[in-house]
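Architecture at a glance
What follows is the residue order along each chain.
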Amino acid sequence: MCKVIAICNQKGGVSKTTTTANLGVGLVRAGKKVLVIDADPQGNLSQSLGIENPDELEVALPNIMEQIMTGEEVDVTQGIVHHKEGLDLMPCNIDLSAVDVSLVHVLSREFIMKTYVDSMREFYDYILIDCMPSLGVITINSLTASDSVLIPVQAAYLPVKGLEQLIKTISLVKKLLNQEIQFEGILISMLNARTNYAKDIMELIMEYYGEAIPIFESKIPFSVKAAETSAAGVSIFTLDKKHPVAQAYEKLTEEVIAHE
Ligand code: ATP
Ligand code: MG
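Now for a look at the structure at hand. (Residues numbered from 1 in each chain as written. Chains lettered and ligands numbered in written order. Predicted model: local features only at pLDDT ≥ 70, side-chain atom pairs only at ≥ 80, totals over all residues. Heavy atoms only, no water.)

1. Quick notes on the side chain of S46
This is how the line gets drawn: Going along the chain from the N terminus, every DSSP run of H or I of four or more residues is numbered as a helix, and every run of E of two or more is numbered as a strand. For every residue, the accessible area obtained with a 1.4 Å probe (protein chains only) is divided by the maximum for its type, and the residue is called buried under 20%, exposed over 50%, and partly exposed between those limits. Every residue pair with non-hydrogen atoms within 4.5 Å of one another is taken to be in contact.
For S46, the location among the structural elements is in helix α2 (residues 44–48). Judged by its relative accessible area of 0%, S46 is buried. For S46, the residues in contact, after removing those within four places along its chain, are D38, I51, P54, L89, P91 and C92.

Rendered as structure tokens:
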């Protein structure tokens, strides 16, 4: 059985991509077969997994979505990049912006990504989708393709308030497009646990959302080490596996597996 998890928040810079890469490698280290899909025209996940220039790739997610839109059969081995830490990646690049525009005129436009993801399920235990920072049609595609949604949120007041729009959108997707979708949980990231302020934020999240949405025990600390992983093209486990950020992602991995 494969589980598909969208890593989603329309707010930019909350560690969606960092979480996709490190949770992905965490799951591989736990013996799982994992595909991560970059669903952002910025191509950040592809870059942080070592693809220097995603715009030069011959095949990436936009090509595959175009094939599906035109009714072509998709070759499931096409475009997959094997990362040295054992992860498979479906990369993405700027061409996804064009797909975004052309989707407007397409039949079943919310289901294009689902068609691809469903064809990949038999090969993996987990498929993680790194969503772009918007709630447009590409992100709706990602949510429609997923069994659950993991919401990273930066431990600060305004990002927490911004969750309402996201939760409304997920509820609509559940009603109209994908009745199976569930909340994997809220992940508090970039946490500076020493400040009282962070404590207030955590209480706020509990109070606002704690009843409706599980909140992960594991919280990702704020650390430049986390940022360095992207530049290094490897996960925190390879960069410094004793680091608190690595421990936090390992604990997150355990919690995700416990939801199986
Ligand atoms: P976008 O919305 O643009 O896709 P994102 O939500 O995917 O952004 P990331 O790209 O993962 O966010 O992270 C944003 C920036 O913060 C990056 O420079 C990243 O390296 C850095 N970062 C991620 N996690 C942490 C952390 N725990 N501590 C400090 N910096 C972090
Ligand atoms: Mg990102």
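2. As for the state of the cysteines
Stated formally: What counts as a disulfide here is a pair of cysteine sulfur atoms lying within 2.5 Å.
If you walk through the whole model with that rule in mind, you get zero disulfides. C131 provides the cysteine sulfur closest to C2, a residue in no disulfide bond, and the two sulfurs are 15 Å apart. For C2, a relative accessible area of 12% puts it in the buried group. Free of any disulfide, C92 has its nearest neighbouring cysteine sulfur in C131, separated by 11 Å. When its relative accessible area of 0% is taken as the criterion, C92 is described as buried.

3. Overview of the packing of helix α5 (residues 112–120) against helix α6 (residues 137–144)
Selection rule: To obtain each axis, a line is fitted to C-alpha atoms, and for helices this fit is confined to the stretch in contact; angles are then taken between N-to-C directions over 0 to 180 degrees. The handedness criterion is simple: a crossing whose near helix is rotated anticlockwise from the far helix by less than a right angle is left-handed, and one whose near helix is rotated clockwise is right-handed. Side-chain classes are defined by residue name, with Ala, Val, Leu, Ile, Met, Phe, Trp, Tyr, Cys and Pro counting as nonpolar, Asp, Glu, Lys and Arg as charged, and the others, Gly among them, as polar.
At a minimum axis separation of 7 Å, α5 and α6 run at an interaxial angle of 35 degrees. Note that α5 runs across α6; the crossing there is right-handed. Within the contact between the two elements, α5 uses I112, M113 and K114 and α6 uses I138, N141, S142 and T144. Taken together, the residues of the contact of α5 with α6 break down into three nonpolar, three polar and one charged.

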